Amino acid sequence: LPPYCVSSSRHIVERQPRMLNFRVEYRQRTVELVLEEGSTVGEIKQILETELAVPVSKMQLKGWKSGDVSDSTVLRSLHLPKNNSLYVLTPDIAPTASTSKNSLQESLNQNFLLIISHREAQRDYSLNFPGSRTIQEMTLAVSGISYPCHHLSVCRRSSPANSQEPTEEVRTYVHMVSDSEGDDFEDASEFGVDDSEMFGMGSSTCRKSPMMPENSENEADALLHFTAEFSSRYGETHPMFYIGSLEAASQEAFYGKARDRKLLAIYLHNDDSVLSNVFCSQMMCADSIVSYLSQNFITWAWDVTKEANKARLLTMCTRHFGSVVTQTIRTYKTDQFPLLLIVMGKRTSNEVLNVIQGNTTVDELMMRLMGAMEIFTAQQQEDIKDEDEREARETVKREQDEAYRLSLEADRKKREAQEREEAEQVRLEQMRKEQEEEKEAIRLSLEQALPPEPDEDSAEQISKLRIRTPSGEFLERRFLGSCKLQVLFDFVASKGYPFEEFKLLTTFPRRNITQLDPGSTLLEAKLFPQETLFLEAKE
């Protein structure tokens, strides 16, 4: 990209370069660097050559997330974050003695590789010990042996009757072991020399209590004992061991939400291996390893020193991981322990990504853990994507199901309302019919109870009444003048105009006949000899 860009208004605007921060560690030194992302890896090495006095040709710059890179690689192409941590390895350069005020302390913290030739067995054994380990009364750091590797030869001690001093031929050479080389560490007990005896620790008072009790019924109790013993031996700074069964640890690591899953690190300890103390104190208790395991792994541990405990572990592994993992553990000899198995949970089965043996360094252990994390992260991203898509599909399905349910509910309520309305209409219609039938029955009974209409030429006084209905029709009938008003009311009701709903009125003067005494006669009501009335509905 060009360093400058031109805006539409023709003003030149300078593009600010992106700066990257690097923290580079080399042995006991730390160098802080700030470079533009357009710089190359080679430029970082040139700066480090000046700062560390290490030739670029002998320098290996490690810690890149994308693996090893060339000196010509541009930092921008690596897509690095703002802050980065790297470290320098110099396999061909041995540290010089007394290079600083803290050289003795540094030596005590360094690991020494002792290559011991067993002349009688004609075999070589590689042993790795911290500089603080003693040869009788002298620590390795001040014994004068070469760092990081020293070659010794050993022969069987002469009999007590022989007063000659045991001879030891010492051939010394310096050999720097790079992080890519693999050292085969052998058990010193194979040539009859216990590592405790070799370093002046053969007294019975130094015997250690077992890391885990034999035939413990409860796995959680066994892990509590293991953690307490581990802390007692190597200090409180160590990985947080999962307290519980292997099955529970697997559930915790593999079967949660995809974003919450972790790798499972299974640490297998064996006190009979000469490598155990070094691996625990120098590797498992290193701050960087402890932090990395705590953040990215569920760490579960087991002690296989006792055959009963080892057999129990193999049974658990067969049950949870299959026979392949069990057979893998069987192939390792005692002197290859301790082991750190890195297990990743997959959809159909669990996969062992790596088996890290005790003959390693902190840098190599960290690189192998980071390599496993890269594989796991790639798989986790796929799992997260699949889980998100599945949850999205399930969300859509739930929403569709809920919408369908609400639609069914609305249809049900609508149908019930319609059914209620129809039922109400049927009920009202039935009531109306019953009322009409009742009215008709009353009308008929009234009609049948009416006295016969008198003849027009009857000798008695006749009252001729003409009644106009609300519809405009007229009802005409002759009544005896002596008839009661009730007979008139019954006649009007028999025609469908009951006394309770209609009132009978005269035209002029306007009188409400229905308010008169029904027992009075037509003559008394002055409805004689003829009268025109009209019906009006009561309010």
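Cut-offs used in this document
Residues numbered from 1 in each chain as written. Predicted model: local features only at pLDDT ≥ 70, side-chain atom pairs only at ≥ 80, totals over all residues. Heavy atoms only, no water. Helix = DSSP H or I, 4+ residues; strand = E, 2+ residues; numbered from the N terminus. Buried < 20%, exposed > 50% of the residue type's maximum accessible area, 1.4 Å probe, protein only. Contact = heavy atoms within 4.5 Å. Pairing = 2+ DSSP bridges. Axes fitted to C-alpha atoms, helices over the stretch in contact; angles between N-to-C directions. Phe/Tyr/Trp six-rings, centres within 6.5 Å; stacked < 30°, edge-to-face > 60°. Core = buried A, V, L, I, M, F, W, Y, C linked by side-chain atoms within 4.5 Å. Salt bridge = Lys/Arg side-chain N within 4 Å of Asp/Glu carboxyl O.

Draft legend 1. Examining the overall build of the protein chain more closely. Secondary structure summary: the protein chain contains eleven helices and 19 strands in total. For the protein chain, with 539 residues in total, the buried portion stands at 39%. Expressed as a percentage of contacts within the protein chain between residues at least 6 apart in sequence, the contacts between residues at least 24 apart total 65%.

Draft legend 2. Broad picture of the side chain of Ser 494. Relative to the assigned elements, Ser 494 resides in helix H11 (residues 485-494). Residue class for Ser 494 comes out buried when judged on its relative accessible area of 1%. Not counting residues within four places of it along the chain, the set of residues in contact with Ser 494 comprises Arg 443, Leu 446, Glu 447 and Leu 450.

Draft legend 3. Broad picture of the sheet that holds strand E19 (residues 530-537). An order of E17-E16-E19-E18 is seen for the four strands of this open sheet, with the pairing classed as mixed. Among the strands making up the open sheet, the edge pair consists of strand E17 (474-480) and strand E18 (502-506). Along the sheet, successive strands turn relative to each other by an average axial angle of 30°, direction set aside. Sheet topology note: the strand E16 (residues 462-468)/E17 ladder contains seven bridges and is antiparallel. Bridge pairing in E17 places Ile 467 opposite Leu 475. Sheet strands in contact with H11 are E16, E17, E18 and E19, and its direction is about 150° off that of E17.

Draft legend 4. Structural context of the pairing of E16. Taken together, E16 and the strand that follows it, E17, pair antiparallel across an intervening segment of five residues, in which Gly 472 is found at a positive phi of about 100°. Both E16 and E19 contribute to a ladder of five bridges, which runs parallel. Within E19, the residue paired with Arg 466 across the bridge is Thr 532.

Draft legend 5. Region of the structure containing the packing of aromatic side chains. Inspection of every chain in the model, using the stated rule, returns 14 aromatic pairs. For the pair Phe 226 and Tyr 267, a centre-to-centre distance of 6.4 Å together with 65° between the ring planes defines the contact as edge-to-face. Taken together, the residues span a long stretch of sequence, with Phe 226 in helix H4 (residues 219-234) and Tyr 267 in strand E12 (residues 263-269) at a distance of 41 residues. A relative accessible area of 0% places Tyr 267 in the buried class. Ring centres of Phe 230 and Tyr 267 lie 6.5 Å apart, and the angle between their planes is 90°; this geometry places the pair in the edge-to-face category.

Draft legend 6. Representation of the side chain of Thr 521. Here Thr 521 lies in the loop between E18 and E19. When near neighbours in sequence (up to four residues on either side) are disregarded, Thr 521 contacts Gly 481, Ser 482, Cys 483, Lys 484 and Leu 485.

Draft legend 7. Inspection of the nonpolar core at higher detail. Among the nonpolar cores identified, the biggest contains 58 residues, and Phe 230, Leu 264, Trp 300, Trp 302 and Leu 369 are the most heavily contacted of them. The element contributing the most residues to this core is helix H10 (residues 362-449), with seven residues. Ranked by size, the runner-up nonpolar core spans 21 residues in total, among them Cys 483, Leu 485, Val 487 and Ala 525.

Draft legend 8. Spotlight on the pattern of salt bridges. Enumeration according to the criterion identifies 26 salt bridges in this entry. A salt bridge links Arg 76 to Glu 37; the nearest nitrogen and oxygen atoms lie 3.5 Å apart. In this pair, Arg 76 sits in the loop between strand E5 (60-62) and strand E6 (83-89) while Glu 37 sits in the loop between strand E4 (29-36) and helix H1 (41-52), placing the two residues 39 residues apart along the sequence. Its relative accessible area of 17% is what places Glu 37 among the buried residues. Across the pair Glu 416 and Arg 412 runs a salt bridge, and its minimum N-O distance is 2.5 Å.

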